[in-house]
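Results of the structural survey
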Amino acid sequence: MTEAVAPDRAARPGGRWSTPGLVDELLDLAAVERAAVHVAMGWVPKVPELDDKLALAATIEDGMVRAVGLRQQALTLLERDDEALTVDPAVVVPLRRLDVAAAPDVVVDGVIGGAHRFLLARHRALSTRLDPLYDARLLTVVRSAIDALERSMSGAGPGAGPSPSGDEVLAALGRSWSTASGDRASAVALDEALWGPVDRVPVPARPSGRPRPEAGARAHLRSMSRLEHDDIAGELNDNVMAELSALELLCRCSYEHPELPWSSHLALARHIADEERHAAIFRRLLVERGYDEGELLQHGANYEFAYEFPECEPGSAHELVWRLLILCTVLEALAIDKLPVEIASRDWLGQSDIARFLDYISTDELFHTENGLRLTRQLCEQHGLHPMLERERVHGRFFGRQYAVRAAYLQADPERAAREIEILEGRDPDDMPFTSRTEVDLRRRASFTDEECEQVERWGYNPRRHPALDPAPG
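Bear in mind that the values here come from a model prediction, so they are computed numbers and not experimental data.

The rules behind the values
- Residues numbered from 1 in each chain as written.
- Predicted model: local features only at pLDDT ≥ 70, side-chain atom pairs only at ≥ 80, totals over all residues.
- Heavy atoms only, no water.
- Helix = DSSP H or I, 4+ residues; strand = E, 2+ residues; numbered from the N terminus.
- Buried < 20%, exposed > 50% of the residue type's maximum accessible area, 1.4 Å probe, protein only.
- Axes fitted to C-alpha atoms, helices over the stretch in contact; angles between N-to-C directions.
- Parallel < 35°, antiparallel > 145°, perpendicular 65-115°, else oblique.
- Left-handed = near helix turned anticlockwise from the far one by under 90°.
- Contact = heavy atoms within 4.5 Å.
- Core = buried A, V, L, I, M, F, W, Y, C linked by side-chain atoms within 4.5 Å.

Another point: the environment of Thr 449. Inspection of the secondary structure assignment puts Thr 449 in the loop between helix 15 (440-445) and helix 16 (450-459). Judged by its relative accessible area of 37%, Thr 449 is partly exposed. For the pair Thr 449 and Asp 24, spaced 425 residues apart in sequence, the C-alpha to C-alpha distance is 45 Å.

Contact pair helix 8 (residues 229-255) / helix 9 (residues 262-288): the axes reach a minimum separation of 9 Å and the direction vectors enclose 160 degrees. What the angle tells us is that helix 8 and helix 9 run roughly antiparallel. The hand of the helix 8/helix 9 crossing is left-handed. On helix 9, the residues that touch Ala 233, Leu 236, Asn 237, Asn 239, Val 240, Glu 243, Leu 244, Ala 246, Leu 247, Leu 250, Cys 251 and Ser 254 of helix 8 are His 265, Leu 268, His 271, Ile 272, Glu 275, Glu 276, His 278, Ala 279, Phe 282, Arg 283, Leu 285 and Leu 286.

In this structure, Ile 60, Leu 95 and Leu 324 are the most contacted members of the largest nonpolar core, which totals 117 residues. A per-element tally of this core places helix 1 (residues 22-43) first, with 15 residues. What Leu 324 contacts, discounting residues up to four positions off in sequence, is Leu 250, Cys 253, Leu 268, Thr 329, Leu 375, Thr 376 and Leu 379. Ranked by size, the runner-up nonpolar core spans six residues in total, among them Leu 373, Val 440, Phe 448 and Leu 469.

Axis separation between helix 2 (residues 50-57) and helix 9 bottoms out at 9 Å; the angle between their running directions is 145 degrees. Of the two elements, helix 2 crosses helix 9, and the hand of that crossing is left-handed. Of helix 9, the residues touching helix 2 (which contributes Leu 50, Asp 51, Leu 54 and Ala 57) are Ile 272, Glu 276, Ala 279, Ala 280 and Arg 283.

Our focus in this paragraph is the side chain of His 257. Take His 257: it is sitting in the loop between helix 8 and helix 9. Those residues in contact with His 257 that sit more than four places away from it in its chain are His 265, Gly 315, Ser 316, Ala 317 and Leu 320.

So, about unusual backbone geometry. One non-glycine residue with positive phi stands out, namely Glu 79, at about 55 degrees. Checked against the element boundaries, Glu 79 lands in the loop between helix 3 (60-77) and strand 1 (86-87). Even without glycine at this site, Asp 431 takes up a positive phi of about 50 degrees. Structurally, Asp 431 can be placed in the loop between helix 14 (414-425) and helix 15. Asp 431 sits in the partly exposed class, given a relative accessible area of 44%.

Structural data, given as structure tokens:
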């Protein structure tokens, strides 16, 4: 007896799913969402105006969440067949062309006013064709996407409304979608639909006209009480610059390495969203206290010192590991140690608004550090590197480079050097009774090992030693 061949489920009248071509549509949507994030990641460091820079950065996490959600829904319908996750690369061609645009405002408008308008229309149209029971989980993803994109289109920010560049991207995406939707002959793996980086960006863009510190100068040198307006403005502004540098470097880490798993890009996107929010709140504090950021120093020091290294081949996995090690597991891990002291100092001085915000930042730093530890451990294992040894090496290179630039600055003007050294070595202007220590308990929660805590202790950034690092008695 010969067993009958089961009917082709895709040939069922009306198609297999609640709406014809559903899987292909989800994959195309995922590709466009992912490509829009890719362009934003590459361009955030190249956008000079801070409002535009932060507006573009604010789209990244939501876009990556949508892309991952759509990919997962398509994978479910494909019965978890990863090889079936394919897409016609034509759907992302307009965004690839946008990536080589010469003007930052064209890119900001093209992403927010073009790609997002297109995606909002596609998500809305899809939602009307889904079955509330069959497609319940997918509807949750699509409705969430609509909500997020409507916020992006609310008109509050650059690129939110129609513009020539946005209209051009919108129309081009519509043409590519129509061309690609009916023919999968040229399909490629979804993970391969992106393109490699079109450039490198060693120096991040900043607004024209604002002053920059001389190379080697401290952007903010505390020579007066924390209660003085000049000190408050300088400290808040320096934090804005640090947050910008972090989010810009993370953006380039993602953009320059599209081969990373989507889960890694999602983790970077979440970290970027935190840094964007931190920068926005520091800027809000400046406004609330009546300070004009246009008169304050601007820089991108942490980005510039952490972007590339002579020991690492440009664009290599080794370079990526060093970037993430220095930013996440050194600089942001040091914030775990230093923020409790800063919070206590602000509360001590009655600056509750600053202290409250620093409390929120301190909770985010634990995720940032844990995220960096996880990613760098994975990459080190994959590429045969030792995390602690690489951290020691990049720590020496990063701070050694800063030391050399600082030394040249001091040698150029001995009188200035004497004044600054006197300030740095002098007593605290407010006689703060708090000093930092290596916060072993918090670092452990962020997945630091005790050996890694001892490593930072050897570097000598914290005057107090945590008792957990002392040998057990007996």
